[in-house]
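# Results of the structural survey
Chain residues, written in single-letter form:
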Amino acid sequence: MSLNKPNKKILSNLSPKNPYHRNEDSGTETSIAERRSFPFIRGLHIVGKQFSCPSSEDIVFRAICVNLRHRRWKFLEQVSPNLTNALVTRVVREFQNSPQLALEFYNWVGNKKVLPNSLPSSCALIHVLIKSRRFDDALSLMETLMHVNQMSPLQVLDGLVDSYDYCDSCPAVFDALVRACTQCGATEGAYAVIRKLRMGGHFVSIHAWNNFLSHLLKLNEVGRFWNIYKEMISYSYIANVNTLNLVVYALCKECKLLEAISIFYRMLKSGIWPNIVTINMIIDGACRMGDIEIALKLVQKMGVMSWNSVSPNCVTFNSIINGVCKLGELTFLEGIRNDMIKEGVEPDVRTYATLIDGYARRGCLEEALRLCDEMVERGLMPNTVVYNSILHWHYMEGDVGAASLVLSDMIEKHVLPDQFTYCTLIRGLCTNGYVMQAFKFHSQALEKKVIEDTFSHNILISYLCKSNNLSGAMQVVSSMFVHGLIPDMVTYGALIDGYCKEGKIESAVRVYDKMAKVEKTPNMVIYNTIINGLCKEMSVNVARQMIDSLKSMDLPDAVTYNTLINGYCGCGYIDEAFALFLEMRKVGRLVNIVTYNTLINFLCKSGCIQQAKELMKRMVLQGLVPDFITYTTLITCFAKNCSPEEVIELHDYMVLKGVIPDRRTYLAIVSPLLGGENQDAKV
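Summarised in this report is the structure supplied together with it. (Residues numbered from 1 in each chain as written. Predicted model: local features only at pLDDT ≥ 70, side-chain atom pairs only at ≥ 80, totals over all residues. Heavy atoms only, no water.)

Turning our attention to the packing of helix α19 (residues 314-327) against helix α21 (residues 349-361). At their nearest, the axes of α19 and α21 sit 9 Å apart, and the two run at 10 degrees to each other. With respect to α21, the element α19 is oriented roughly parallel. Between α19, through Cys314, Asn318, Ile321, Asn322 and Cys325, and α21, the contact on the second element is made entirely by Arg350, Thr351, Thr354, Leu355 and Gly358. Among the residues making up the contact of α19 with α21, the classes are represented as 4 nonpolar, 5 polar and 1 charged. (Axes fitted to C-alpha atoms, helices over the stretch in contact; angles between N-to-C directions. Helix = DSSP H or I, 4+ residues; strand = E, 2+ residues; numbered from the N terminus. Parallel < 35°, antiparallel > 145°, perpendicular 65-115°, else oblique. Contact = heavy atoms within 4.5 Å. Nonpolar A, V, L, I, M, F, W, Y, C, P; charged D, E, K, R; others polar.)

Printed below as a string of C-alpha cells:
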C-alpha cells in the first residue's frame, strides 16, 4: 500500500457520511462517540473499585472549605446544623496556612451558639496560631479557656498534647501556655504545666522557665525565685542573657548590689554578652538603695564595662532621676539632665513625670509647672500621671483654685481623667473641706464607670467618720454594694474607728462581727482601734481579755500593749500598768519610747517625780534615747515641783544623752533659769 494514497475503505468508514462503523466480528454497528467513551467508562470502573462514595461529613467539609475561602457566611449558616466538634477541628486544621480564616471560622462558630467550641477545636486553633506566630491571639484564646470556660491549665495542656502530632505543632505552644498562665495570675498552674511537661518527656524551653521566674519576681516572691532557679539549673539548662538578667534583678531586690555586679562579670567570662537591660537593672538597684554615686559611676563606666557595646538610654537616666527625687537631692538633677544631653538621649514623658513629681514633692511647684511647659514645647503631651501629680500637690498646699485650673487644662487637652485622678480630686477636696464637690466628682466617676475598686469610697468613708458623720459613712457603704463593690479591711477599719471615737463600742463590735462573717481577717490596726475604744470607755478589763485572746494567735504588737498601758494609767491602775510593762520587757522588742513616755507622764501626774526621773535613766540604759516629748514632760514637771538647779541638772543630763530639746519648752523654762540670756545656740 502506498503511503501517499490513503486507504479509501478507512476513509469512507470514518467519513461524516458514514457515522457508523460495522464491527465485523459481531456484526453490530457502533457510533464513534460510543467507541470513544469506552476508555472513560473503563476508568470509572477502576476508580469505583478503589474509592467508595464520599461520606456526608466529607461533602459538608468540602463545601465549608470552598465557601469559607470566599467568606460566604450565608452559605455557612445553611450548613451550620450539620456542624460537629470533629468537623470544626478538621476545618481549622485545613486552614493552618490561612490562620486568619481559621480564627474567623472558629469565632463564627462560637458566636452562632449552635455548637460551643470544644477543647479539641480550641487546641487545634492554638496550634495553628502558634505556628503562624500569632502569639497574642493564641494567648487570648488560652486565657479564655481558663477564665471563661473554667478549664484548669492542666486540662488545656492535655488538650494541646493530644492534638500536638495531629496538628504537626512545635514546642513553642507549651511556652505560650506557661505565659498565658502567668499573665492571668495562675502561678501554681504555670508551675504545674512545667512539671507535667517534664514528667511526660516533653521539652520545656528556657523561655518558659524565664517567663515563670520573671512572674515570681513581679509577685516579689524572691525566695521561691531562687528555689525554681536552682531546680532549673539542676536539669542542666544553660542560662541565657535573659535568665541572668533576672538573677541580677533578684539580687538588686535583695539589696545585694555587689553580688549583682559580680553576675555581670560572670556573664562576660562565660561568653554571655550583657545588654542594656543588665546594666539598667544594676543602676536601678543602686538608686533604690539610695547609692546615687555608684549609679552615676556605673553610667560613666558603662562603655568600659561592656567593651563599648552598650550606651545609656532614657531608661538609664530615668532610674537615676527617680532615685535622686526620692532622696530629695534636687541639686543633682540639673547635672543629670546635662549628662543626658551629652549622651544624645532625649527625655521622654516618664522623665518629665518623675522630675515634675520630684520638684512638687519638695514644694517647688513653680519649677514643676515650668517643666510642664518645657515638656509641651518639646512636643511631649503631659499624661494622667503628670496631671495627677500636679493636682495632688496643689491640694496638699491648699490651693484648690489652682487645682481646678489644672483639671480644666487636662480636660481641654483631651487627657481623660482616670481612677487615680478622681481619687486625687476626692481626697484633695475632702482634705480642704469641699465635701459636696468631692461627692459630685465621685458621682461622675461612678457614671463613667471609671472606679474599679473601693479606694475612692474609702476616702469618703474615712473623712465622714473623722467628721463624726457615721450615718453618711454608712450611706456610702450602701452605695458600694449597689455598684457591686465589697467593703474591704480599710472600710471596716474606718467604721470601727469612727464608732470607737464616738464611744459607741457596741456598734463597733457589730461592724467587727459583720467583717468576721464575710471572712475578712482583721489586722492589728482594727484590733488596736477596738482596744483603744474600750480603754477610753474605761473597759480596760475587757480590753485585757481581748489582748489575751490575741496572744494565743501571737498577734499583739507594741501599739496593742501601749494602748492598754495608757488605758491603765487613765484609770489610775498603776500596779497593772507596771505589771504589763514588765510583761512587755520579757517579750523583748515590744517596749519602746512610747511605753516609757506614757509611764513617765503618768508618774509625773501622780507626783512621783523622782521615780519618773529614774525611769528615764533606765530608758537610757536600755539603749533608747529620750525624745522631745520625754524632755517636755520631765522639764515641765520639775519646773513646777523642784528647784532651778535640779531643772538645769536634768536638762544637762538629757542633752548629754542625745536629747534634742523642744524649742518652746527650753525658751519658756530652761533659758530664764540660765540668766535670761539668748541660749538659742544650745537648742
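Once the structure has been displayed, the description carries forward.
This paragraph deals with helix α13 (residues 222-234). In a regular helix each residue adds 1.5 Å, so 13 residues correspond to 18 Å; α13 covers 19 Å between its end C-alpha atoms and thus fits that length. Here α13 has its buried residues at Val222, Phe225, Trp226, Ile228, Tyr229, Glu231 and Met232. Buried residues in α13 make contact with α11 (187-199), α12 (206-218), α14 (241-253) and α15 (257-269). With its phi angle positive at about 70 degrees, Ser236 sits one or two positions after the end of α13. (Expected span 1.5 Å × (residues − 1). Buried < 20%, exposed > 50% of the residue type's maximum accessible area, 1.4 Å probe, protein only.)

Within the chain, Asn220 stands out as a residue other than glycine whose phi angle is a positive 65 degrees. Mapped onto the elements of the fold, Asn220 is located in the loop between α12 and α13. Positive phi outside glycine occurs at Asn468, with the angle close to 60 degrees. On the secondary structure map, Asn468 appears in the loop between α27 (455-466) and α28 (470-482).

Next up on the list: the packing of aromatic side chains. Applying the stated criterion across every chain yields a total of 13 aromatic pairs. Between Trp226 and Tyr229 the ring centres are 6.1 Å apart and the planes differ by 80 degrees, which places this aromatic pair in the edge-to-face class. Placement of the pair is Trp226 and Tyr229 together in helix α13, with a separation of 3 residues, close to one helical turn. Assessed through its relative accessible area of 10%, Tyr229 is described here as buried. When the ring of Phe581 is compared with that of Tyr596, the centres are 5.4 Å apart and the planes differ by 75 degrees; the resulting orientation is edge-to-face. One end of the pair, Phe581, is in helix α34 (residues 574-587); the other, Tyr596, is in helix α35 (residues 593-605), with 15 residues separating them in the sequence. Both residues of the pair, Phe581 and Tyr596, count as buried. Here the guanidinium or amino end of Arg93 rests over the ring plane of Tyr166, the centre of that ring lying 4.5 Å away. When the ring centre of Tyr191 is taken as origin, the NZ or CZ atom of Arg224, which lies over that ring, is 5.5 Å away. (Phe/Tyr/Trp six-rings, centres within 6.5 Å; stacked < 30°, edge-to-face > 60°. Lys NZ or Arg CZ within 6 Å of the ring centre and 35° of its normal.)

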